[in-house]
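Descriptive structure summary
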Amino acid sequence: MNKKQNQTEIRKDKLTKLRESGVNPYPHSFENRIDALEALKIKDGVKVRVCGRIMSRRIMGKSSFAHIKDVSGQIQVFMAVDKLGRENYDLFRDTDIGDFIGVEGELFVTRAGEKTVMAEAFTILSKSLRPLPEKWHGLKDVETRYRKRYLDILVNPESSKILKARSIITAAIREFLESRRFCEVQTPVLQDIAGGAAARPFKTLHNVYNTDLYMRIAPELYLKRLLVGGWERVFEMGTNFRNEGLSSMHNPEFTMLEVYAAYTDYNFMMDLAEEMVKSVAGKIVDEGFSVPENIMGEWVRKDYWELLKVHTGEDFTPEITYDEVKKKAEYLKIPPGKDSIEKMLDRIFSHYVEEKLSDPTFVTGYPSSASPLAKQSPENPGIAERFEIFINGSELGNAYSEQNDPEIQKEVFLKQASGSTSPVDNDYIEALEYGMPPASGLGIGVDRLTMVLTGAETIREVLLFPMLKPNNADTGE
RNA sequence: GGGCCCGUAGCUCAGCCGGUAGAGCACCGCCCUUUUAAGGCGGGUGUCGAGUGUUCGAACCACUCCGGGCUCACCA
């Protein structure tokens, strides 16, 4: 074995040697195994079959210890030449950290007090060709953790824990909504008009139809078509795509939950959202996670204009004029540019108010002009029947009494279209003309909900494979 | 897109007022039958992110590029 070999080359040589000696380094299965956690609960002297990935090895001449890891945890195995025989023991000595093995033998407790499997037989289940990150410091390099998430979840328990919490959260959301008779659906991701939100879409091409298509920016307009069709309670949890910048709060593809309920208004959705998040948080706690305590407390309701007033010290009312807002924006050091009145208000709100909303808060009283798909308040047409949910200073959800008046909706769409390149979804207007029952709808950012419940500081920590720039120059070869 | 910071061995990191690189773990060889960050003896295995320039000489200085982080801007 020459000195210049790197670790992968050495492992590949071992693989070749295994094959030459008739050992299959990649067998098809390992039956009748129990997991490590289960094995640790069984009493001494009982024979068990366990399997997993070798995480550490301590070779001591004619006997050796190793820890193997499976989904449940780790268990120690003991390999001794007089139990295994010379040939098998040598085979074990040639294994590497990272290899998957299966072990059969009786349980015993070592001198140091650790329950251990005394191997009578062992099998290589999958040969590993690359060295794993270090056991003690783990894998810290952020870029590698995201690009090679499999290594991150293998060696960093905290990462694995947060991402597993996400699975519990999505399961809990489904359970909650199904228990209230909501029906889960899938609507198109590829759309010819990307509607339901204001964001730049990803564009793609369908070959056979030879037509441009867009990745959805929201499922909203399709879900409301289902209400037209008579389905009263629907929800969809799936990926939306927005062709915009990345930040600790934004990933170009993200998971959105949208819920619609016929014959209800946004007050219903306020209660539903609070109950749902608390229920999901409860599930997480049941699984051994801790969640911020303010989640379980009373969720407060606050008025948009009142919040602006309190946090800027300036007087804001729904009747405020464009010129007045512009003046205040300049005074508050928010450059107004060419923004519309609602855009300026939104920027002031984002800058001065959002970060202050740390306890769960329903913000109501949004201007109608900023809420094109929401119904107006009967008392004040300038105000939409809409709320947003803020927790820990970030926007978690958005809901409203859905606009179902086809003529008003069309007018709003036409007005929007005149100021941008976004086309009017006439097919949706037509659907509304057939009649959509009064309804409320709710959108919750599942990634952000996971962040809130797990305490993750960036959205990348709750995404298995967050978007990074393709790195073709260095693929690790 | 702007500003600041970062990229050195498989992993975690030192080295950076210029003299072709070092530690721990991992790995390789030898010893070792209850270890557990096993231990003992011996061994650095490297395109110092890439390229160009300055220089007798560059991991180190300059410029460009690639990738990442934070932040501002943008963002329903």
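Everything that follows concerns the structure shown earlier in this document.
Residues numbered from 1 in each chain as written. Chains lettered and ligands numbered in written order. Predicted model: local features only at pLDDT ≥ 70, side-chain atom pairs only at ≥ 80, totals over all residues. Heavy atoms only, no water.

**Overview of the sheet that holds strand β2 (residues 63-70)**
- The strand order β1-β2-β3-β5-β4 describes a closed barrel built from five strands, whose pairing is mixed. Adjacent strand axes in the sheet meet at a mean angle of 55°, parallel and antiparallel pairs treated alike.
- The strands that helix α4 (residues 86-93) touches are β1 (47-60), β2, β3 (73-80), β4 (100-109) and β5 (115-126); relative to β1, the one it contacts most, it runs at about 65°. (Pairing = 2+ DSSP bridges. Helix = DSSP H or I, 4+ residues; strand = E, 2+ residues; numbered from the N terminus. Axes fitted to C-alpha atoms, helices over the stretch in contact; angles between N-to-C directions. Contact = heavy atoms within 4.5 Å.)

**Observations concerning unusual backbone geometry**
- The backbone phi angle of Y263 is positive, close to 65°, even though this residue is not glycine.
- Of note, Y263 is situated in the loop between β11 (253-262) and α9 (266-286).
- A positive phi angle is found at K333, which is not glycine, with a value near 65°.
- One can find K333 in the loop between α11 (322-331) and α12 (341-352).

**Some points on the nonpolar core**
- Ranked by size, the top nonpolar core spans 39 residues in total, and within it I173, L177, L257, I389 and L442 carry the most contacts.
- Elements represented by at least two residues in this core include exactly α7 (157-179), β10 (233-241), β11, α9, β14 (386-391), β15 (394-401), β16 (439-445) and α15 (446-454).
- The greatest single-element share of this core, amounting to 10 residues, is contributed by α9.
- Sequence-distant contacts of L442, defined by excluding residues within four places in its chain, comprise L257, E258, V259, M269, A273, M276, F387, I389, N398 and A399.
- With 24 residues, the next largest nonpolar core counts I34, A39, F92 and V117 among its residues. (Core = buried A, V, L, I, M, F, W, Y, C linked by side-chain atoms within 4.5 Å. Buried < 20%, exposed > 50% of the residue type's maximum accessible area, 1.4 Å probe, protein only.)

**Observations concerning helix α13 (residues 406-418)**
- Given a rise of 1.5 Å per residue, 13 residues ought to cover 18 Å, and the 18 Å separating the end C-alpha atoms of α13 matches this to within 8%.
- Buried residues of α13: P406, Q409, F413 and A417, and no others. All buried residues of α13 fall inside an arc of 70° around its axis, so they share one side. Exposed positions of α13 whose direction lies more than 90 degrees from the buried face are E407, E411, K415 and S418.
- Where α13 is buried, its residues touch α14 (426-434).
- With a side-chain oxygen positioned 2.9 Å from the backbone nitrogen of E407, the residue opening α13 is D405. (Expected span 1.5 Å × (residues − 1). Arc of directions from axis to C-beta. Polar contact = N/O pair within 3.5 Å; in protein donor to acceptor, adjacent residues only side chain to side chain.)

**Remarks on the protein's contact with RNA strand B**
- With respect to spatial proximity, 47 residues lie near RNA strand B, and among them R58, A112, K135, E143 and E244 are the closest.
- With respect to RNA strand B, the side chain of D82 contributes an N or O atom lying 2.9 Å from a base oxygen.
- E244 places a polar side-chain atom, nitrogen or oxygen, 2.3 Å from a sugar or linking oxygen of RNA strand B.
- Those elements that provide at least two residues to the surface near RNA strand B are α1 (7-20), β1, β2, α3 (81-84), α5 (142-147) and α12.
- For the surface near RNA strand B, the per-class residue count stands at 17 nonpolar, 10 polar and 20 charged. (Near = heavy atom within 4 Å. Nonpolar A, V, L, I, M, F, W, Y, C, P; charged D, E, K, R; others polar.)

**As for the pattern of salt bridges**
- Within the structure shown, the criterion is met by 30 salt bridges.
- Two residues, R147 and E143, come together in a salt bridge whose shortest N-O distance is 2.9 Å. In this pair, R147 and E143 both sit in helix α5, four residues apart, roughly one turn of the helix.
- Across the salt bridge formed by K278 and E274, the nearest N and O atoms sit 2.7 Å from each other. Taken together, the residues K278 and E274, both in helix α9 and four residues apart, mark about one turn of the helix.
- Given a relative accessible area of 22%, K278 falls into the partly exposed group.
- We classify E274 as buried; its relative accessible area is 12%. (Salt bridge = Lys/Arg side-chain N within 4 Å of Asp/Glu carboxyl O.)

**Let's talk about the sheet that holds strand β6 (residues 183-184)**
- Across the sheet, eight strands lie side by side as β6-β10-β11-β16-β15-β14-β13-β12; this open sheet has mixed pairing. In this open sheet, the two strands that pair with only one neighbour each are β6 and β12 (300-303).
- Pairing analysis gives four bridges linking β12 to strand β13 (residues 361-364), with the strands arranged parallel. Opposite V300, over in β13, you have T361 as the bridge partner.
- Its contacts with the sheet place α7 against β6, β10 and β11, and it is angled at close to 155° to β10.

**What to know about the packing of α13 against α14**
- Closest axis-to-axis distance for the α13/α14 pair is 9 Å, and the angle between their directions is 165°. Taken together, the axis directions place α13 and α14 in an arrangement best described as roughly antiparallel. Considering only the axes of α13 and α14, their crossing is right-handed. Across the interface between the two elements, P406, Q409, K410 and F413 from α13 touch Y428, I429, L432 and E433 from α14.
- Per-class residue counts for the contact of α13 with α14 are five nonpolar, one polar and two charged. (Parallel < 35°, antiparallel > 145°, perpendicular 65-115°, else oblique. Left-handed = near helix turned anticlockwise from the far one by under 90°.)

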